[in-house]
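# Structure at a glance
Spelled out from the first residue to the last, the chains are:
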Amino acid sequence: MFRYFKYILIFALLFCSEISWSQKSVRLSQNWEFLKQDLGGIWEAVRPVGVGNPESVPLWENVNLPHCVNATDAVDPDLNYYQGPAWYRTQLKIENLYKNGRTILHFEGAGQKTEIYVYTTKVATHVGGYDEWKVDITDAVASFQKTEIYQKQFKGKVPISIRTDNSRDLEMIPSDLSDFNVYGGIYRHLNLVYVPSLSIDQMFVKAEVDAEGKSGKLRLTARFYNPNQVGGASIKANIIDPNGKIVSSINKKLEISNDLPFWEITVKKPQLWSTEKPVQYRLQYELISSIGNDKGEEKFGFRNIEFVEKGPFNLNGKRLLLRGTHRHEDHAGVAAAMTDDMIRTEMKMMKDMGVNFIRLGHYQQSPTVLNLCDSLGILVWEEIPWCRGGLGGDVYKQQARTMLKNMIEQHYNHPSIMIWGLGNENDWPGDFPEFDKEKIRTFMKELNDLSHKLDASRYTAIRRCDFCADIVDVYSPSIWAGWYRGAYTDYKKASEDEFAKVKRFLHVEWGGDSHAMRHSENPDKALSKIKTGGKTDERAGDASLYGGGARISKDGDWSESYITNLIDWHLKEQENMPWLSGAAYWPFKDFSTPVRPDNPVPYMNQKGVVERDFTKKESYYVFQSYWTDKPMAHIYGHSWPVRWGGIGEEKMVKVYSNCSEAEIFLNGKSFGIKKRNSQDFPAAGLRWNLPFVKGENTVKVIAKKGNVRVTDEIKFNYQTEKWGKPVSMVLSKIAQQDDVATLEVKLFDSKGILCLDAINWINFGLTGDGKLSDNMGTSSGSRKVQAYNGRAIIKVKLNKGKSIASVVSEGIPTVFREL
């Protein structure tokens, strides 16, 4: 109960912080128009338009922000996703209450090149899709307000037009060779901000504490926005501890200069931020001058981090095994434009899975994400998008420098951040004729030095660029045991070998793909083809479904059954690696990518433990069973409606649980109690071989941890008939809720037996009043999808009318159903 109260309190505090910020900042969410193409020029966005006249085209659509240009086309199975210019426009009522104050547009992220116009005046451009940036529109607004058309055409409002552009560009990062979409649009919050002509642009809070937590040191530095060169001011500030008590106060005069250190204090025995108790202090300040006052608040935390050379990771002087995952800003139906509620849901799901560490791949992410990491207790590796492709020219390198500087300065105060990432897979050539390792090393050294200069208190890291491993503080090699190379049983030896090569080792990116709702009675069968004991790194071509040596990523069944075994093995091994700092599974959630058009859900990287819409896969519960304390038990197979085998054949049932013991029941009969032992693979010993009966079966588990009992139950059919090649399909409506119907297609052989290993491509179609719920990037939300155990599902919004659904699969007669 305390855990859920804690989450409610966290979200309430976040909401309150947004309210206080909104006193001088307004989210520009509504009343926007959008155009998914370029204009002939800015005049086309603002000229007078008569109904039916030629000026009314091209046609704009109404949208709310955040908004992603590629909300649906990123996973459209029949298209390359759109990479090009797009426009947004609105009209704002500007009401700055500060005398001679400044009016600012604050972008939290827009991709990838952006131009901002006030009426026809271009006021700013920005390059980079992931850092925050501000545009002062004060002078342009004042000039426009003096014109006749301000009142005559725009009725006292100011037209704002914004052009975004995610066109392919070799002189930009990230590379278009990267395994994720380089999205376009205003896909994070855009804020209208009013400030006096002297304000604090950024407050840097450097909080240090010794490993024992005896003494904390604070150093506060202010960066001012002062376009009118105001000379003097004073500042009032309070340091408030996590209990709401004022620890220290200041009231002093300032001589304004850039990046001004104005306060240093010592805090005895500060309360320490940790992953279990993520307490934060607050700095409340007010800058007072003759032209108006500027108020603000920053949160920060005291914690001590240490990656021990040739050893584990310590937080506040004690070893902490980093139990991690990864995150892309990507979600079904909205792509990069995730709402705050979506982000909160995702981060809470991670914490509930037991995550205490996250690598944000492969770019600076939303402030909401970092605030939640601070509040939930999730340590962070955040990195710039120098990802694949090699090294470009001067423009390319300057963007990398700028994005590193912006990321560090903008997220400097977050106690959750412990690593600044400088790159990912920089050993991957392809964008340029030249691939020079020494030039890459030279630039990596430059970024490493810049990071330490900007923030000496945190570590630097890269993943998978062995010839740069000695440059950074922490290195992660490529180890994909059981997926791109070798078997998952190679994992520990491969990790020990790589650990020996570097000063500080942290393993990020491991795992494999799973097609949600696909299961197997013999998931490890493909391992018999795989050479073990050799390399486990991913190299060129390994991610492809074509050619090359045998590997699970190409030759395996992509079942949830296999991936749970792989994860189970990794987690049980990590418990017995005392030198290990930690590891991070890749990724938490399935995400879209342009380089995987042939995957079972086209254009999706399906390695997540949840689908792109937050639907949990079976693997989510494997992590919970190892990483959480709250009693839980989960029988494998909740999305496996039909199992198969011979009459009288015993079949394995696995229970993933963190309880000390569990008892299994088949059709009401107990088949015994087993004790949990994390080293007894699979399922930590909680597995039973049970004699299913033909037809319907019910399996129930009762698990105990101390005095607490938890239960789980599944029902399924057991098929004993063997099947041949699929030759026919049946399309049925299996459910309807309100105006949404769920359709299921099944594949049968010539004798009418369900083909439970069929993986045929399924293509859904619809004509009539309804609309397919497709382009979601999920197993049940794509009109083109590989079957899972001889079936596939999709939803239809009926729109209270009539439709005809169809299913096409090559070599099988097409089927229809009237809805």
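Above this text you will find the structure in question.
A brief look at the structure comes next. (Residues numbered from 1 in each chain as written. Predicted model: local features only at pLDDT ≥ 70, side-chain atom pairs only at ≥ 80, totals over all residues. Heavy atoms only, no water.)

### Some points on the overall build of the protein chain
Each helix and strand in the protein chain was counted, giving 12 helices and 46 strands. Rg of the C-alpha trace for the protein chain: 28 Å, near the compact-globule value of 28 Å for 819 residues, within the 12% margin. Overall, the protein chain is about 90 × 75 × 55 Å in size when its C-alpha atoms are taken along their principal axes. Burial analysis of the protein chain (819 residues in total) assigns 60% to the buried set. Summarising the internal contacts of the protein chain: among those between residues at least 6 apart in sequence, 72% fall at separations of at least 24. As displayed, the protein chain has an accessible area near 32900 Å², and 49% of this comes from carbon and sulfur atoms. Across the protein chain, the mean location of the 107 positive side-chain charges is 4 Å away from that of the 101 negative side-chain charges. (Helix = DSSP H or I, 4+ residues; strand = E, 2+ residues; numbered from the N terminus. Rg over C-alpha atoms; globule rule 2.2 N^0.38 Å. Buried < 20%, exposed > 50% of the residue type's maximum accessible area, 1.4 Å probe, protein only. Contact = heavy atoms within 4.5 Å. Areas by Shrake-Rupley, 256 points an atom, 1.4 Å probe, with all protein chains shown as cover. Lys, Arg positive; Asp, Glu negative; His and termini not counted. Charge placed at Lys NZ, Arg CZ, Asp CG, Glu CD.)

### As for the nonpolar core
In terms of nonpolar packing, the biggest core is built from 110 residues, with Met 347, Trp 386, Ile 567, Val 609 and Phe 623 touching the most fellow members. If you look at the next biggest cluster of nonpolar residues, it comprises 40 residues, including Ala 45, Val 135, Phe 144 and Ile 162. (Core = buried A, V, L, I, M, F, W, Y, C linked by side-chain atoms within 4.5 Å.)

### Some words on the sheet that holds strand 7 (residues 121–127)
The antiparallel open sheet is built from six strands, whose spatial order is 3-2-4-9-6-7. With one partner strand each, in any of the chains shown, strand 3 (61–63) and strand 7 form the two edges of the open sheet. The sheet shows a mean angle of 25° between the axes of neighbouring strands, direction not considered. Note that strand 2 (residues 32–35) and strand 3 share three bridges and pair antiparallel. (Pairing = 2+ DSSP bridges. Axes fitted to C-alpha atoms, helices over the stretch in contact; angles between N-to-C directions.)

### A closer look at helix 6 (residues 367–376)
The element helix 6 is largely enclosed, with a buried count of nine among its 10 residues. Of all the residues in helix 6, the buried ones are Pro 367, Thr 368, Val 369, Leu 370, Leu 372, Cys 373, Asp 374, Ser 375 and Leu 376. Of the residues flanking the end of helix 6, it is Gly 377, one or two places downstream, whose phi is positive at about 85°.

### Points about the pattern of salt bridges
Scanning the model with the defined rule gives 55 salt bridges in all. Salt-bridge contacts for Lys 113 lead to Asp 169; the nearest nitrogen and oxygen are separated by 2.7 Å. Of the two residues, Lys 113 is situated in strand 6 (residues 113–118) and Asp 169 in the loop between strand 9 (158–165) and strand 10 (190–195); the sequence distance between them amounts to 56 residues. For Lys 113, a relative accessible area of 30% translates into the label partly exposed. (Salt bridge = Lys/Arg side-chain N within 4 Å of Asp/Glu carboxyl O.)

### Notes on the sheet that holds strand 36 (residues 687–691)
Through backbone hydrogen bonds, the strands of a sheet pair up, either in parallel or in antiparallel fashion. Across the sheet, three strands lie side by side as 31-33-36; this open sheet has antiparallel pairing. A single partner strand is all that each edge strand has here, and the edge strands are strand 31 (633–635) and strand 36. The mean inter-strand angle of the sheet, taken between neighbouring strand axes irrespective of direction, is 30°. Direction of pairing for strand 31 relative to strand 33 (residues 650–657): antiparallel, over a ladder of three bridges. Bridge pairing links Ala 633 to Ser 657 in strand 33.

### Observations concerning helix 5 (residues 340–353)
With 14 residues, helix 5 extends 20 Å between its outermost C-alpha atoms, agreeing within 8% with the 20 Å of an ideal straight helix rising 1.5 Å per residue. Among the 14 residues of helix 5, 12 are classified as buried, and the element is accordingly described as predominantly covered. Along helix 5, the positions that sit buried rather than exposed are Asp 340, Met 342, Ile 343, Arg 344, Glu 346, Met 347, Lys 348, Met 349, Met 350, Lys 351, Asp 352 and Met 353. Within two residues after helix 5, Gly 354 carries a phi angle of roughly 105°, on the positive side. (Expected span 1.5 Å × (residues − 1).)

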